[in-house]
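# Chains, contacts and geometry: an overview
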Amino acid sequence: MNKMKMLLFILLAISLCFADGAWVKGIAQDVHDGDTFKLKVAGQIIKIRMYGVDAPEKNQTYGEEAGKALRNLIEGKEVRLQITDKDRYGRTVGEPWLGDSLNVSLWMIKNGHAWWYKSYSKKRIDFKEAEEEAKVKKLGLWADDKPTAPWEFRKKKNGKKKSKKN
């Protein structure tokens, strides 16, 4: 019976750790692209969608570069994550930090590796200012005069799939 109580306690503790607003700490691994990676926390692997950013898709212009930038920054390192939500794909949405001072989402925007995802983080003036600064400096994806936002790229891609079926 003691083993059962201990197991229930561990499961409860883990579920509380993943509640909105909670902080978890783990090792970043398997960076998928410029806004998605896995985090190993207490032996569990969690798929993370970064809060407030939308990076180019892997098969989109600048997609590989965005993924490489995030990979070089966080892969294999300890990341603190403030959980904000779950997305429709079941991924944990959160704001990752390296140490106490480097906000990874903000860094990706500021260096031109991702867009500020306004529809999900309207009140983040720091993200807005970082994107404006990256545009002016023509950093990363902003070196292109008219970069295609990932949400527009996905919309076009999904539209093509639908039209092929007809």
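Please refer to the structure higher up on the page.
Let us look at the structure shown here. (Residues numbered from 1 in each chain as written. Predicted model: local features only at pLDDT ≥ 70, side-chain atom pairs only at ≥ 80, totals over all residues. Heavy atoms only, no water.)

### Observations regarding helix H4 (residues 125-137)
Under the convention used in this document: Helix and strand labels come from DSSP, where a helix needs a run of H or I of at least four residues and a strand needs a run of E of at least two; each type is numbered from the N terminus. Helix span, as expected, comes to 1.5 Å for every residue beyond the first. Note on exposure labels: buried denotes an accessible area under 20% of the residue type's maximum, exposed denotes more than 50%, and partly exposed covers the range between, all computed with a 1.4 Å probe on protein chains only. The arc under discussion is defined with respect to the helix axis, by the directions toward the C-beta atoms. Any two residues whose heavy atoms approach within 4.5 Å are treated as being in contact.
The terminal C-alpha atoms of H4, which comprises 13 residues, lie 18 Å apart, in line with the 18 Å expected from a rise of 1.5 Å per residue. All of the buried residues in H4 are Phe 127, Ala 130, Glu 131 and Ala 134. The arc enclosing the buried residues of H4, seen along the axis, measures out at 100 degrees, which places them on a common side. For H4, the secondary structure elements touched by its buried residues are strand S6 (92-98), strand S7 (102-103), helix H3 (104-110) and strand S8 (115-116). Positioned one or two residues after H4, Lys 138 has a phi angle of 55 degrees, which is positive.

### Brief notes about the pattern of salt bridges
Stated formally: Every case where a carboxyl oxygen of Asp or Glu lies within 4 Å of a side-chain nitrogen of Lys or Arg is listed as a salt bridge.
By the definition in use, this model includes 11 salt bridges. Ionic pairing is found between Asp 54 and Arg 154, a salt bridge with its closest N-O pair at 2.6 Å. Here Asp 54, found in strand S4 (residues 53-54), pairs with Arg 154, found in helix H5 (residues 150-165); they are 100 residues apart in sequence, far enough to count as distant. Exposure remark for Asp 54: the relative accessible area of 0% places this residue in the buried category. Looking at Arg 154, the relative accessible area reads 25%, which means it is partly exposed. Among the ionic pairs, Glu 95 bridges to Arg 124, the shortest N-O distance being 3.0 Å. Taken together, the residues Glu 95 in strand S6 and Arg 124 in the loop between S8 and H4 connect sequence positions 29 residues apart. Owing to a relative accessible area of 6%, Glu 95 belongs among the buried residues under this scheme. In this structure, a network of salt bridges that share partners links the residues Asp 35, Arg 49, Asp 54, Glu 57 and Arg 154.

### Concerning the packing of aromatic side chains
Inclusion rule: Each Phe, Tyr or Trp ring, with Trp reduced to its six-membered ring, pairs with another whose centre is within 6.5 Å; inter-plane angles below 30 degrees give stacked pairs, above 60 give edge-to-face pairs, and intermediate values give tilted ones.
Scanning the entire structure with this criterion turns up four aromatic pairs. A ring pair is formed by Tyr 51 and Phe 127, whose centres lie 6.3 Å apart and whose planes are at 50 degrees; its orientation type is tilted. Within this pair, whereas Tyr 51 is found in the loop between strand S3 (44-50) and S4, its partner Phe 127 is found in helix H4, the two being separated by 76 residues in sequence. Plain terms: the ring middles of Tyr 117 and Trp 151 are 5.5 Å apart, the flat faces sit at 10 degrees to each other, and that makes the pair stacked. Here Tyr 117 is found in the loop between S8 and H4, whereas its partner Trp 151 is found in helix H5, with 34 residues between them in sequence. Judged by relative accessible area, Tyr 117 falls into the buried class, the value being 14%. For Trp 151, a relative accessible area of 29% corresponds to the partly exposed category. Feature note: the residues Trp 115, Tyr 117, Trp 142 and Trp 151 constitute an aromatic cluster, connected by ring pairs.

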